[in-house]
Every structure is written in structure tokens, then in C-alpha cells.
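Structural overview for review
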Amino acid sequence: MGMDPNTDEFNSQFLEAVDAKAAWFNSSQLPKIQEDYRLHFTCINNLTEALEKRGLITADPYKKDKKITNVQKIDDSPFSETDRNQKLGIRLGDYQAMLDYICNYVKFTTDYLNMDKIKRLLDFNASFNWQNLTANSPKMNTQALASCIAQLRTGAQQLQIAMISDSITKARTSIEEINVTLKELAIFQRESYKGEIRRKVFTSGKINPEKRNSTASYVAEIKRVFPDCMGKRFYSAELVEELVNEEISPKKDELRRAALSKISIEEKKQEKVENTVDTHSIIMETVRILGSLHEQYDIVLAKITTNNKILQSSRNTFKDKILRLIRQVFGMSEPEIDYTISIMDSKTQTSRKEKLNFTEFVNNLSKRTKYYATIAQPNGAGYVRINSQEEKVILDFVNKQLAENGRLHVVLTALDNFFKATAPATEKSKIKGIKMELTSLKNILVKANQARAEYIAYIEEREQMKRLGITNE
């Protein structure tokens, strides 16, 4: 039997389709599932943080010591109810660490994601059954997580319940979309493997055409020349037989059409999706996060007030004593205190001297702290008043507060450095640093900024949908 005259034509058509499908995956689908993994990671972080705060799980103390070199499924072996908090804490920590590895170290390309890596990702994705997150699940991890989330909802504020539901929904849909794409990629990789044989083996000139007279002899011939043409590529007897059947089987035309169908690119029509996201709740969550600054500011106020007293008491000349006595006798208020601090410009990395009216600064910070306490809880007077405003007004408020607190953070950092540097050697040990509080304040501002960014993203998406005429409003 001679060479099929249609083989070259089909090879060309098939390889062109393989290349087009690979380009489609690399430019569109694989970047999308990387973003889905990042979204899933964010949702898991939110849920884990909430569970830890309520004491429903215990964080793994050795989490940072674990090294990850490959994607693998999370342990799902049984554990007792008494061990649930600790075991689930460890497994959620492992799940977070693996997601972090996937988001930052896995290359989302067709060259990198071979069949083994696809299988590893699919197995990992099944670590928790997000599609059926119930306490009756036969999977230990899913069962334990569902029970903890049920407890988390109990007694939670309405806003937190909404956050929990939103995180679970997004965790489920992101994994669903990832799995669909990975399974489609697995089908493509099988066809791509056959395409590689067509590209390297069939065009090598090493195949004896006379061996095409039967499936067994043709398979044996391909296997013979495979190492020379394909290098260290693994040999798949199953896929080679599929390929041979596409070449010499009586049903080869049908098989070829099926193969082309598997690697065709179907453009999915954009569906109209009702926007059910409560953007008002999202921007109000940003307000609540800003309100939580009051706890750290309370501590900061106490420390800088103490530091100021230490600094002022060290200035104890005879003249200072007389002036203090006169003020006490006549009931006069203490004079305002000015300090010269060094402000660091983060853009230019240069510092400049700036005069700070410490008395005024402390008074303003005290007022801000008390106000933030009223917006930290949904039943607070400040929160209720802001909640009644339009979203645009609330966003303006959030923008202003973020800017002011960013500036305040810079000033407090400079003031902390000033107290440490200026205090007399005999008093330095008494100065109370605020580095930990500054870090906590920074983290809260970052979290608030992320919530604001999420709100803006939803608003922009909604406006874009309107411009495209895709809306249910």
C-alpha cells in the first residue's frame, strides 16, 4: 500500500488547526484560568481569615517552613471532631500555599501544562468540593469546612454573611471555569501529541510506506523511528494507534473529522448576565475597614502622648520650673508644642524638615479616632449616616480618608523616628515605639484600598456593559 495522497493535505490542515488552537489557549484561555486561580486564592484567604478570627480553625505554625516543588492534592484523610480546628487549619494553610505556588510559579502555557501537570491541577482542584459544600459530604475536608462555615455564619453581621456567601460563590465558579478549561486543554494535548508525530515522524522520510498495510505493522514502524524523530518524548501506544487509525482505517475520514472537531475554536457568545452585585455593600465595607483604624490610633495616641511627656520633662531648667509654677498658680493652659520632624518623600527618597504643632496634631488625631469608632460597626451613628448617602458621595469620602491616612502614616513614622532620636540617653529606654502599630495601620489601609478597587472594578464593568447594551436595568 502506497502513501495516501490525501495525507499531506490533512497533515497541513491538522497542524494549522493545532497551532491556531495553541495560540488561542496561550493568548486567551490560559491567562483567564490564571486570573481565576488568583480570584480563588483571594476568596480562600478571606474565608480562612474569618475562620481564624472566630477561632474556628487554628493556623498552621509551620506553614512558612513548608517547601513546595510541585502541585499536589491536599491530604483528605479522616480526622476526629476534636482535631477539626487544628487539622482543617493545617489543610487550609496547605491549600493557600499551593494556590500561591500555582499563581506565582506555574506557567500557564500549552508547552508547560502537559498531561501530568493538568492531572495534578485537576486533582488539587478537587481538594474541596466547592460545588457541594455540605456537612454531609463524604470528603473529609469539605465536610469539616462546611461545618465551620455554618458556625461562622451564626451570629455574624449581615455584611460578613454577604462576604462569606460571595467568597464561596466565587470560589465555586472560579474552580468550575478552571476545570472546564483544563479538561479542554487535556483533549487538545492529546491531539497536539499526534500533531507532533505528524510534524516530526511523518515528514522525516524514515517511515517505510509498505508498512502501512496493517494497523499492527504501521504502529510498529512508527515505534521504531519514534526515538530518532521525537527525542525523549514519551511514547503513547494509545495515541499512536489513534493516529494510525486516522491514516489507514476504513473509517479514517470520519476519524479525521472528529480529530479536527476536537481542536476547532468555538467562539462563545457573550451572554447577558444580570448584575446582582451589591456595590453599595462593597463600598460600605471599605468604610467599615477604615473605621477599624481607631483601635490602632488609640494605642498610638497613648504612646506618643507618653513620649511627649518624657521629652518635655527632660527639659527641666530652672526657667522651665518657674514657668510651670506660674501656669499652675494662675490656671493658665500649657503652651502649644512644636517639633521639627524629617518627612521622607517616597517618590524621590529624599527627606525634608517640617514643623509639626504637636498639640494640634494630637487633638486632631483624637477626634479622628473617636469618629472612626462610630463607623467601625454597622450600628454606629457615623456608619448609619454614611450608609444613607449615595455611592458617589461615599466613594468621595473613602478617597479623602485614604489620602489623609496615607499622609498621617508618613507623619507618624517621622514622629516615631523623632522621639527615638531626640530623647536624652538616660530616657531613651522609656520611649515607646509605634512600629508595630504603623505596620497594622498600613495593612488596614491596603485592605481598604483593595475593597475600593473592587468596588471601582464592578462600577466600571457595569458601565461598560451598559455601553455595550448588555444590561437588565
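Structure shown above.
Definitions and cut-offs
The written sequence of each chain sets the order in which its residues are numbered from 1. Local features in this predicted model are restricted to residues of pLDDT 70 or higher, and side-chain atom pairs are both shown and tallied only at a pLDDT of 80 or more, whereas totals for entire chains, interfaces and linings draw on every residue. In computing side-chain values, all of the structure's heavy atoms are included and hydrogens and water are not. Helix and strand labels come from DSSP, where a helix needs a run of H or I of at least four residues and a strand needs a run of E of at least two; each type is numbered from the N terminus. Each radius of gyration reported is based on C-alpha atoms, and the globular scaling rule is 2.2 Å times the count of residues to the power 0.38. In this scheme, a residue with accessible area under 20% of its type's maximum is buried, one over 50% is exposed, and one in between is partly exposed, where area comes from a 1.4 Å probe on protein chains only. Contacts between residues were defined by any pair of non-hydrogen atoms, one from each residue, lying within 4.5 Å. His residues and chain termini do not enter the charge count, which takes Lys and Arg as positive and Asp and Glu as negative. Charge positions come from single atoms, namely NZ of Lys, CZ of Arg, CG of Asp or CD of Glu. Paired rings are identified among Phe, Tyr and Trp, the last through its six-membered ring, by centres lying within 6.5 Å, and are further divided according to the angle between planes into stacked (under 30 degrees), edge-to-face (over 60) and tilted (the rest). Think of a patch as exposed residues, more than 30% relative accessible area, with no salt bridge, where like charges cluster within 9 Å and nonpolar side chains (Val, Leu, Ile, Met, Phe, Trp, Tyr) cluster within 5 Å. Shrake-Rupley sampling with a 1.4 Å probe provides the accessible areas, and residues are treated as covered by the protein chains on show and by no other component. One side-chain nitrogen of Lys or Arg within 4 Å of one carboxyl oxygen of Asp or Glu is enough to make a salt bridge. What a helix should span is 1.5 Å times the count of its residues minus one. Distance and chemistry together define a polar contact, namely a pair of N or O atoms within 3.5 Å, with one atom able to donate a hydrogen and the other to accept it when in protein, and with adjacent residues in sequence counting only for side-chain atoms on both sides. For helices, the axis comes from a line fit to the C-alpha atoms of the stretch in contact; other axes are also lines fit to C-alpha atoms, and the angle between any two N-to-C directions lies between 0 and 180 degrees. Here the angle decides the label: under 35 degrees means roughly parallel, over 145 means roughly antiparallel, 65 to 115 means roughly perpendicular, and every other value means oblique. Note: crossing handedness is left-handed where the near helix turns anticlockwise from the far helix by less than a right angle, and right-handed where it turns clockwise. Under the scheme applied, nonpolar residues are Ala, Val, Leu, Ile, Met, Phe, Trp, Tyr, Cys and Pro; charged residues are Asp, Glu, Lys and Arg; polar residues are all the others, including Gly.

A look at the overall build of the protein chain
Scanning the protein chain from terminus to terminus reveals 15 helices and two strands. Here the protein chain has a C-alpha radius of gyration of 32 Å; the compact-globule value for 473 residues is 23 Å, and the former is much larger. In terms of overall dimensions, the protein chain has a C-alpha envelope of 120 × 55 × 50 Å along the principal axes. For the protein chain, the proportion of its 473 residues judged to be buried stands at 40%. Put simply, 76% of the contacts in the protein chain that link residues at least 6 apart link residues at least 24 apart. Within the protein chain, the 63 negative side-chain charges are centred at a point lying 7 Å from the centre of the 72 positive side-chain charges.

Focus: the environment of threonine 109
Inspection of the secondary structure puts threonine 109 in the loop between helix H2 (84–105) and helix H3 (115–125). Taking the C-alpha atoms as reference points, threonine 109 and phenylalanine 25, separated by 84 residues in sequence, lie 7.5 Å from one another.

A short note on the packing of aromatic side chains
Under the counting rule described, the total for this entry stands at 21 aromatic pairs. Taking 6.3 Å as the distance between ring centres and 10° as the angle between the ring planes, the aromatic pair formed by phenylalanine 202 and tyrosine 218 counts as stacked. Highlighted residues: phenylalanine 202 in the loop between helix H5 (158–200) and helix H6 (215–230) and tyrosine 218 in helix H6, separated in sequence by 16 residues. Here the two residues phenylalanine 202 and tyrosine 218 agree in accessibility, since each one is buried. Three or more aromatic residues link up through ring pairs in this structure, and these residues are Tyr95, Phe124, Phe128 and Trp130.

Describing a nonpolar patch on the surface
On the surface, Ile326, Val329 and Phe330 cluster together into a nonpolar patch covering about 320 Å² of accessible area. For isoleucine 326, the position within the fold is in helix H11 (residues 318–330). On the basis of relative accessible area, isoleucine 326 is assigned to the partly exposed category, the value being 36%.

Some thoughts on the pattern of salt bridges
Tallying each qualifying case throughout the model produces 38 salt bridges. Among the ionic pairs, glutamate 191 bridges to lysine 194, the shortest N-O distance being 3.0 Å. Linking glutamate 191 with lysine 194, this pair stays in helix H5, spanning three residues, or about one helical turn. The class for glutamate 191 is buried, based on a relative accessible area of 1%. Here glutamate 354 and arginine 352 are joined by a salt bridge, their closest N and O atoms 3.3 Å apart. For glutamate 354, a relative accessible area of 19% corresponds to the buried category.

Regarding helix H9 (residues 279–291)
Its 13 residues place the ends of H9 19 Å apart at the C-alpha level, agreeing with the 18 Å of an ideal helix rising 1.5 Å per residue. Three or more residues of H9 are buried, namely Thr279, Ile282, Ile283, Met284, Thr286, Val287, Ile289, Leu290 and Gly291. One side-chain oxygen of the residue at the start of H9 lies 3.3 Å from the amide nitrogen of histidine 280, identifying that residue as aspartate 278.

Focus: the side chain of glutamine 401
Residue placement: glutamine 401 occurs in helix H14 (residues 391–422). The class of glutamine 401 is buried, set by a relative accessible area of 8%. Those residues in contact with glutamine 401 that lie beyond four places of it in its chain are Leu290, Arg368 and Tyr372.

Some remarks on the packing of helix H10 (residues 293–314) against helix H12 (residues 358–375)
The N-to-C vectors of H10 and H12 enclose an angle of 155°; their axes lie 9 Å apart at closest approach. For the element pair H10 / H12, the angle class is roughly antiparallel. Crossing of H10 over H12 shows left-handed handedness. Contact residues: H10 offers Leu293, His294, Tyr297, Asp298, Val300, Leu301, Ile304, Thr305 and Asn308, while H12 offers Phe358, Phe361, Val362, Leu365, Ser366, Arg368, Thr369, Tyr372 and Ala373. In the contact of H10 with H12, the residues fall into eleven nonpolar, five polar and two charged.

These figures come from the coordinates and say nothing about function on their own.
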